[in-house]
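# Observations on chain architecture
Here is how the chains run, residue by residue.
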Amino acid sequence: MVEPWLNPEWKPPASARATIVMVHGAVVDGFEMFLLRLRLAQLGYRTRLFHYRSMMRSLDHNVNRLAEYIRKTEGDIIHVVGHSMGGVLIRQVFEQSPDPRPGRLIAIGSPLLDCWVGHRIRRMHPHLGPILIGQSVRNHIDDPPHPVWRGKRDFGIVAGTYPIGIGAIFSSLPTPSDGVVLLEETQLQGIRGHVTYRVNHFGLLFSKRATAQIARFLATGTFAQSVPASRCQGRDESPFASDSSLK
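This section reports on the structure supplied with the text. In this text the structure is predicted, and so the values were computed from the model without any measurement.

The tally for this structure, following the rule as stated, stands at nine salt bridges. A salt bridge links Arg17 to Asp76; the nearest nitrogen and oxygen atoms lie 3.6 Å apart. Taken together, the residues Arg17 in the segment before β1 (18-23) and Asp76 in the loop between α2 (59-72) and β3 (77-83) connect sequence positions 59 residues apart. Of the residues examined, Arg17 reaches a relative accessible area of 48% and is grouped as partly exposed. With its nearest N and O atoms 2.9 Å apart, the salt bridge here joins Arg122 to Asp142. With Arg122 in helix α4 (residues 116-122) and Asp142 in helix α5 (residues 128-142), this residue pair connects regions lying 20 residues apart in the sequence.

The following block contains the structure:
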């Protein structure tokens, strides 16, 4: 059975070099994006992973580095896909100093409007709390972003509502959330599309149907109303990536 993201209509143009820059989240190093990179490469995309240090470097520093990395990336079409804080970096780059080449943007489980978990962890201890969330996240929550997307590119957001993650250690974690990021924190206004699955924060990177939505958006600028379970060989295998139908 053909995997749902391998729809031939979603392949990049044969006549153009299409590259996807992948941007990981805070604390991690990007290895968790390996399967998503592999699946998108199966469609014919060249993928590159941008590494940054969220703990010791400021948000502005990392935004500037990402902008420079994108400028130096070869390709006629440059898409950018970010997970968690990676989506925050992408938003700032393309509102402040966008690359002129065509392409689309996707944020996966990104706290684009605030970060409740970041605030809560910082309040746990006056000295240790700020260290645990790192400098980039501190900068993000200290300067609340504008609620409306002000960039020019098509911007799509994929969010989760399965509340298993570090945020679950707090009984006061608001719902719905993906266990790390609240659904309301992903609801940036003025974007091209927003889809939600009952998947947790990292499960979004492994979900077959979420991958299919990402592939479709990169190719067309729109999300599907649903991706049938039958095209995903039943269900995703893990309860941490247990897709429901698209909301």
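This brings us to helix α1 (residues 34-42). Among the residues of α1, those classed as buried are Leu36, Arg39 and Leu40. Buried residues in α1, looked at end-on, bunch into an arc of 95°, giving them a common side. Residues of α1 that are buried make contact with β1, β3, β4 (105-108) and α6 (208-220).

Within the fold, Ala210 resides in helix α6. For Ala210, a relative accessible area of 1% corresponds to the buried category. Along the backbone, Ala210 and Arg91 are 119 residues apart, and their C-alpha atoms lie at a distance of 20 Å.

It is worth spelling out helix α3 (residues 85-96) at this point. For α3, spanning 12 residues, the distance from its first C-alpha to its last is 17 Å, which sits close to the expected 16 Å at 1.5 Å a residue. The element α3 is extensively covered by neighbouring structure, given that 10 of its 12 residues are classed as buried. Turning to α3, its buried residues are Met85, Gly86, Gly87, Val88, Leu89, Ile90, Arg91, Gln92, Val93 and Phe94.

Rules behind the numbers
- Residues numbered from 1 in each chain as written.
- Predicted model: local features only at pLDDT ≥ 70, side-chain atom pairs only at ≥ 80, totals over all residues.
- Heavy atoms only, no water.
- Salt bridge = Lys/Arg side-chain N within 4 Å of Asp/Glu carboxyl O.
- Helix = DSSP H or I, 4+ residues; strand = E, 2+ residues; numbered from the N terminus.
- Buried < 20%, exposed > 50% of the residue type's maximum accessible area, 1.4 Å probe, protein only.
- Arc of directions from axis to C-beta.
- Contact = heavy atoms within 4.5 Å.
- Expected span 1.5 Å × (residues − 1).

Geometric values such as these leave the question of function open.
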